[in-house]
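Structural features, examined
In case you want the letters, here they are:
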Amino acid sequence: QVQLVESEGGLVQPGESLRLSCTASGTIYSIHAMGWYRQAPGKRRDLVAVAPTNHSSTYEDSVKGRFTISRDNAKNMVYLQMNSLKVEDTAVYYCHAIVEMSRGGFLGHYWGQGTQVTVSS
């Protein structure tokens, strides 16, 4: 099994920055991608950014130029640096990973527990 543990989010003011981190642990042969999704109240869970292994990262349009996703492959970690935060960035942020648990084995999708990010003045 694979577990994803996210850092705490927080309450920040508009224009401020916040960094989220997520660590994957468990039975991991290879991680094919790690990313972040978010879900605001009453809305669906949407992709924010994804960092595939050996491919370029992609971002949701509204966060381009403000958010940066990065990975530490040696530590099975992914980060989301969020700058110039806006009220509309308020949501529960979820870490996601596509993990190969054994060589040539099944690719599993795993989720963190979610962390609240609130942007408010």
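The structure presented is a predicted model; accordingly, all values stated were derived computationally and were not measured.

1. Thoughts on the overall build of the protein
Across its full length, the protein carries 0 helices and 11 strands. Helices and strands appear in the protein in the N-to-C order β-β-β-β-β-β-β-β-β-β-β. Here the protein has a C-alpha radius of gyration of 14 Å; the compact-globule value for 121 residues is 14 Å, and the two agree. Its C-alpha atoms give the protein principal-axis dimensions of about 50 × 25 × 25 Å. Looking at the protein residue by residue over its 121 residues, the buried ones come to 37%. Sequence-distant contacts, at least 24 apart, represent 57% of the contacts inside the protein between residues at least 6 apart. With the model as given, the accessible surface of the protein reaches about 6,600 Å², and the carbon-plus-sulfur share is 48%.

2. A closer look at the packing of aromatic side chains
Here the structure, examined in full by the defined rule, presents 1 aromatic pair. Judged by centre distance (4.9 Å) and plane angle (65°), the rings of Tyr37 and Trp111 are edge-to-face. With Tyr37 in strand 4 (residues 30-39) and Trp111 in strand 10 (residues 107-111), this pair connects stretches of sequence that are 74 residues apart. Look at Tyr37 and you get partly exposed, because its relative accessible area is 22%. Directly above the ring of Trp111 sits Arg45, whose terminal nitrogen or CZ lies 4.7 Å from the centroid.

3. Regarding the side chain of Thr115
Mapped onto the secondary structure, Thr115 falls in strand 11 (residues 115-119). Apart from residues no more than four positions distant in its own chain, Thr115 is found in contact with Glu6, Ser7, Glu8, Gly9, Leu20, Ala91, Val92 and Tyr93.

4. What to know about unusual backbone geometry
Phi is positive for Asn54, close to 65°, though the residue is something other than glycine. Examined against the element boundaries, Asn54 turns out to sit in the loop between strand 5 (46-52) and strand 6 (58-59). Phi is positive for Asn76, close to 55°, though the residue is something other than glycine. For Asn76, the location among the structural elements is in the loop between strand 7 (67-72) and strand 8 (77-82).

5. A few points about the nonpolar core
Core analysis: the largest hydrophobic core is formed by 28 residues, its most contacted members being Trp36, Leu80, Met82 and Tyr93. In terms of residues, this core owes the most to one element, strand 9 (residues 91-100), which gives 5 residues.

6. Regarding the state of the cysteines
Per the counting criterion, the structure on display carries 1 disulfide. Between the sulfur atoms of Cys22 and its disulfide partner Cys95 the distance amounts to 2.1 Å. Its S-S torsion of about -85° marks the bond between Cys22 and Cys95 as left-handed, since a negative value means left-handed. Here Cys22 is found in strand 3 (residues 18-26), whereas its partner Cys95 is found in strand 9, with 73 residues between them in sequence. Given the relative accessible area of 0%, Cys22 is considered buried.

Basis of the calculations
Each chain carries its own residue numbering, running from 1 in the direction its sequence is written. Per-residue local features are limited, in this predicted model, to residues with pLDDT of at least 70; the limit for side-chain atom pairs, both in listing and counting, is 80 or more; totals at the level of whole chains, interfaces and linings are taken over all residues. In computing side-chain properties, one takes all heavy atoms of the structure into account and sets aside hydrogens as well as water. Under the scheme used here, helices are H or I runs from DSSP no shorter than 4 residues and strands are E runs no shorter than 2 residues, and both carry numbers assigned from the N terminus. The atom set for the radius of gyration is the C-alpha atoms, and the globule formula is 2.2 Å times the number of residues raised to the power 0.38. Exposed residues in this analysis have more than 50% of their type's maximum accessible area, buried residues have under 20%, and partly exposed residues fall in between, with area computed by a 1.4 Å probe over protein chains only. The contact definition used throughout considers only heavy atoms, calling two residues in contact when any of these lie within 4.5 Å. In these tables, accessible area is a Shrake-Rupley quantity obtained with a 1.4 Å probe, and a residue counts as shielded only by the protein chains included in the view. Two aromatic rings, drawn from Phe, Tyr or Trp (for Trp, its six-membered ring), form a pair once their centres lie within 6.5 Å of each other, and the interplanar angle then sorts them: stacked below 30 degrees, edge-to-face above 60, tilted otherwise. Any Lys NZ or Arg CZ found within 6 Å of a ring centre and within 35 degrees of that ring's normal is scored as a charge over the ring. The definition of a nonpolar core used throughout is a set of buried Ala, Val, Leu, Ile, Met, Phe, Trp, Tyr and Cys residues joined through side-chain atoms within 4.5 Å. When the sulfur atoms of two cysteines come within 2.5 Å, that pair is taken as a disulfide.

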